[in-house]
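What follows is each chain in one-letter form.
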Amino acid sequence: LKPNYDVVIIGSGGAGLTAAIQAHELGLNPVILEKMPKIGGNTTRASSGMNAAETNVQLHHHIVDSFGDFYGETLKGGGGMNNQALLKFFTEHSALAIDWLADHGIKLDDLTITGGMSVMRTHRPSSMAPIGGFLVTELLKQVAADQLPLFTDVKVDELLVEAGKISGVKATTPDGAVTITAGAVLLATGGFGANKTLLGQYRDDLKNYQTTNQPGATGDGILLAQAIGAKLVDMDQVQVHPTVQQDTDHAYLIGEAVRGEGAILVDNQGARFVNELDTRKNVTAAIDQLGGTGAYLIFDRGIRDRVKAVEFYDHIGLVKTGTDLEALATATGLDAATLKQTVADWNQAVANHNDAAFNRTTGMDRDIAAGPFYSIHIAPAVHYTMGGIAINPATQVLNQDERPIAGLFAAGEVVGGLHGNNRIGGNSIAETVIFGRQAGQQMFKYLQ
Ligand code: ADP
């Protein structure tokens, strides 16, 4: 660790890694500091993919999309509360971000769909592997090729300001406290879903929920920025993810792709109760109305084969299996007759492309007919914090008067406003790459 760099990037998730690569390509000398022993943050846990519109990948799949639709559907999904300047930048730079990744050998050639979106715009690797681990592994190859300094177990405790401009950070390393000077600092520290105190402060009702977040998601960047006058927005907007397996001592998010590829949700009798691909907010509300029992994802071999992560969930014992629906009902504790009727009705809806019962219109490309059959017990858990630091589309952190704090930038989940009151699946990974690139570029511009 040297005493000076051009830029200090705090956090090694998708936003931090992307920004470091972009900054380096423009000739800057960045350092990445990560407080945890493990690289990758919550990004490594992302499952669905990366949303983008008007991409060549979509055209290869014969999907004609538009920035306008992507913008409108995200705004609708976010309850109209989204910061529209950020959302405009986000949607209009999404295809460029997919291209930028491809230019770095990171190909997201397959497509799936998430709740609230009308077309397949969730890009993922052709292996159908979960996006997060894939993206972090691939970005780290570039970080290694560029020989960028990255230190784990280094926690930033304070932002330093001189004459109204950011001048560096104070950090704790395994060898003690250090001061690092830098012309610009990027907060890429993620959200606060794993900080019960902060969560309780803004959302007392959620403090007893489990979380899908890594233990380092404690909102440090938000508090660091707040301490030097940054404005915070939407801090009470917390996303509860509807489908989290939490019967063991760890909460495992069962990605939206399982539903996107055709799974249904049933109650503890075996009956459907919701449009499974409604927004996360609405699906969560429907599950909560069941009265604390949680719900069950039901799918078959064909759907399982389209979501590689299910193999892992099965391997660690989260999946129940039945050779036929009767056996699955028994293994899961559902009423067999109800489940059989539910699946028969659903398969008819798929055949007719018409879900009269719940008006589902997406993720209806395959029925649930080829055994073995599977179920996963799920319930909602704290997943993502939509609120955070206020920035402008140039990723500059804003003060209470909405003026940039010179030299301080933020990107990724630490930022508030982009997602309104509900984040769409696949938009967080997109946010880290789109705004990570933007931060790298804007720090270069600022330091020129
Ligand atoms: P994003 O998706 O926005 O990139 P992630 O959650 O993937 O966010 O990554 C954020 C990373 O920042 C995590 O690995 C987290 O441990 C790290 N981090 C959080 N606070 C600090 C801090 N004070 N010092 C260094 N690293 C931090």
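Values in this document were obtained by computation on a predicted structure and should not be read as measured data. (Residues numbered from 1 in each chain as written. Predicted model: local features only at pLDDT ≥ 70, side-chain atom pairs only at ≥ 80, totals over all residues. Heavy atoms only, no water.)

Visitor: Could you clarify how one ought to interpret helix α8 (residues 220–227) in this entry?
Guide: Residue pairs three or four apart in sequence face the same way in an α-helix, which turns once every 3.6 residues. What α8 keeps buried is the set Asp220, Gly221, Ile222, Leu224 and Ala225. Contact partners of the buried residues in α8: β7 (155–162), β9 (176–187), β10 (232–233) and β17 (388–389). Count one or two residues on from α8 and you reach Gly229, which has phi positive near 100 degrees. (Buried < 20%, exposed > 50% of the residue type's maximum accessible area, 1.4 Å probe, protein only. Helix = DSSP H or I, 4+ residues; strand = E, 2+ residues; numbered from the N terminus. Contact = heavy atoms within 4.5 Å.)

Visitor: Help me understand the domain arrangement of the protein chain, please; the structure alone is not making it clear to me.
Guide: Accessible area lost when the parts come together is the quantity often used to give the size of an interface. Domain boundaries assigned for the protein chain yield domain 1 (4–191 + 386–447) and domain 2 (241–382). Domain 1 and domain 2 are separated by 31 Å when their C-alpha centres are compared. Residue-level contacts link 22 residues of domain 1 with 18 residues of domain 2. Roughly 1400 Å² of surface becomes buried between domain 1 and domain 2 when both sides are summed, with 49% attributable to carbon and sulfur atoms. Connecting domain 1 to domain 2 are one salt bridge. Here Arg124 and Glu261 are joined by a salt bridge, their closest N and O atoms 3.1 Å apart. Top contributing element to the side of domain 1 that touches domain 2 by residue count: strand β4 (residues 110–112), with three residues. In the side of domain 1 that touches domain 2, the residues fall into six nonpolar, 12 polar and four charged. (Domains from an automatic or database assignment. Buried area = accessible area lost by both parts, 1.4 Å probe. Salt bridge = Lys/Arg side-chain N within 4 Å of Asp/Glu carboxyl O. Nonpolar A, V, L, I, M, F, W, Y, C, P; charged D, E, K, R; others polar.)

Visitor: Can you help me understand the layout of surface pockets in this one?
Guide: Once rolled over the atoms, a probe with the size of a water molecule shows which space is left empty. In this structure, the largest pocket spans a volume of roughly 400 Å³. Lining the largest pocket are 15 residues; nearest its centre among them are Thr44, Arg45, Tyr252, Phe312 and Tyr313. Considered class by class, the residues forming the lining of the largest pocket number eight nonpolar, five polar and two charged. Built from parts of two domains, the lining of the largest pocket gets at least three residues from each of domain 1 (4–191 + 386–447) and domain 2 (241–382). In this structure, the second largest pocket spans a volume of roughly 310 Å³. As for the second largest pocket, its lining consists of 15 residues, of which Lys76, Gly116, Met117, Leu277 and Asp278 are closest to the centre. Of the residues assigned to the lining of the second largest pocket, the class counts are two nonpolar, nine polar and four charged. The residue makeup of the lining of the second largest pocket includes at least three contributed by each of domain 1 (4–191 + 386–447) and domain 2 (241–382). (1 Å grid on protein atoms, 1.4 Å probe; cavity = no way out; pocket = protein on both sides within 12 Å on 5 of 7 lines; lining within 4 Å. Points joined across faces, edges and corners; volume = space filled by probe spheres on them.)

Visitor: So what exactly am I meant to see when it comes to the nonpolar core here?
Guide: Soluble globular proteins tend to pack their nonpolar side chains together in the buried interior. Of all hydrophobic cores here, the largest spans 88 residues; its most connected members are Leu187 and Ile389. Top contributing element to this core by residue count: helix α15 (residues 427–447), with seven residues. Core analysis: the next-biggest nonpolar cluster, separate from the first, contains 40 residues, Ala257, Tyr296, Ile303 and Leu334 among them. (Core = buried A, V, L, I, M, F, W, Y, C linked by side-chain atoms within 4.5 Å.)

Visitor: Quick question: what am I supposed to make of helix α4 (residues 84–92) here?
Guide: Those residues of α4 that fall on the buried side of the exposure criterion are Leu86, Leu87, Phe89, Phe90 and Thr91. Buried residues along α4 sit in contact with α3 (67–77), α5 (94–103) and α15. A side-chain oxygen of the first residue of α4 lies 3.0 Å from the backbone nitrogen of Ala85; this N-cap is Asn83. (Polar contact = N/O pair within 3.5 Å; in protein donor to acceptor, adjacent residues only side chain to side chain.)

Visitor: Before we go on, may I ask you to explain empty space enclosed by the protein in this structure?
Guide: Counted by the stated rule, this structure contains two cavities of 30 Å³ or more. For the largest cavity, the calculated volume is near 620 Å³. When contributions to the lining of the largest cavity are tallied by element, the ones reaching two or more residues are α1 (14–25), β7, α8, β16 (373–385) and α15. With four residues, α15 is the single largest residue contributor to the lining of the largest cavity. Partitioned by chemical class, the residues of the lining of the largest cavity number 14 nonpolar, 27 polar and nine charged. Split by domain, the residues of the lining of the largest cavity number at least three in each of domain 1 (4–191 + 386–447) and domain 2 (241–382). Estimates place the volume of the second largest cavity at around 80 Å³. Ser47, Ser48, Arg124, Met128, Ala129, Pro130, Gly255, Ala257, Val307, Lys308, Ala309 and Tyr313 are the residues that line the second largest cavity.

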